[in-house]
Amino acid sequence: MSKKVVVISTSLRANSNSEALAKEFVKGAEVAGHEVEYLSLKGKSIAFCIGCLACQSKGHCIINDDALPITEAVLNADVVVWATPIYYYEMVLIDRMNSMFPKDYKFREVYFLATAADNGSYTPERALAGLTGWIDCFEKAKLAGSLFCGGVNAAGEISGSSK
């Protein structure tokens, strides 16, 4: 059965390693017959959450920026894939999806793709903790899989790598 898959590439760097992982995931999902929407945060205007919680009563964030259509895409996806570089163990955009908590979301599977210069075993665990905290807010969703490629620093370094 075909699923609607949304892949979010959070890296703002040109030719980023996490973007390369995201694009490979897109190829595999398309080959498997799924409908895929690839969303890059490059060139997007996305403000930080201001913690006002107006989204809980209004059903959408009051900040009018590029996070709004991305949130709608996630809300209506069967599968959500986060592809991110790990710099300081946090992911961008995720806090702006508070408006989805009271809604009837469709996604059930969440995947995590990450790259980092650091190759320590703790590196993906710390970043993944933030994502699993977000997933825990959606009781019908689960972390379906994760992939970490450490030891890649320079833009495009992952290309042709066996990692």
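Here the structure is a predicted model, which is why all the values come from computation and not from measurement. Numbers given for residues are sequential positions, taken from 1 along each chain in its written order. Where totals are concerned, whole chains, interfaces and linings use all residues; where local detail is concerned, this predicted model gives features only for residues with pLDDT of at least 70, and gives and counts side-chain atom pairs only at 80 or more. The basis for every side-chain value is the complete set of heavy atoms in the structure, and neither hydrogens nor water enter the calculation.

*Asks:* In this structure, what is going on with the nonpolar core? I would like to understand it.
*Replies:* Proteins that are soluble and globular tend to have nonpolar side chains buried together. In this text, buried Ala, Val, Leu, Ile, Met, Phe, Trp, Tyr and Cys residues form a nonpolar core when linked through side-chain atoms within 4.5 Å. Remark: exposure states derive from per-residue accessible area (1.4 Å probe, protein chains only) relative to the maximum for the residue type, with buried under 20%, exposed over 50%, and partly exposed in between. Core analysis: the biggest nonpolar cluster contains 31 residues, and Ile8, Val74, Trp82, Met97, Phe107, Leu131 and Trp134 have the highest contact counts within it. Put simply, the parts of the chain that give this core at least two residues each are strand E1 (4–9), helix H3 (67–75), strand E3 (79–85), strand E4 (109–116) and helix H4 (122–135). A contact between two residues is defined here by any heavy atoms of the two lying within 4.5 Å. Those residues in contact with Trp134 that sit more than four places away from it in its chain are Val74, Trp82, Ile94, Met97, Met100, Phe101, Phe107 and Val110. Listed in part, the 14 residues of the second largest apolar core include Ala22, Val26, Val152 and Ile158. Note on conventions: DSSP H or I runs of at least 4 residues are helices, E runs of at least 2 residues are strands, and numbering of each starts at the N terminus.

*Asks:* How do you make sense of the packing of aromatic side chains when you look at a structure like this?
*Replies:* Two measures describe an aromatic ring pair: the distance that separates the ring centres and the angle between the ring planes. Ring pairs shown here join Phe, Tyr and Trp side chains whose ring centres sit within 6.5 Å, with only the six-membered ring taken for Trp; geometry is labelled stacked below 30 degrees between planes, edge-to-face above 60, and tilted in between. In total, this model carries 8 aromatic pairs according to the counting rule given. Ring plane angle 40 degrees and centroid distance 4.9 Å describe the contact between Tyr105 and Phe107, whose orientation is recorded as tilted. Grouping aromatic residues by their ring pairs yields a cluster made of Trp82, Phe101, Tyr105, Phe107, Trp134 and Phe138. In this analysis the charged atom, NZ for Lys or CZ for Arg, is taken to sit over a ring once it is within 6 Å of the ring centre and within 35 degrees of the ring normal. Positioned above the aromatic ring of Tyr105, the side-chain terminus of Lys140 is 5.0 Å from the ring centre.

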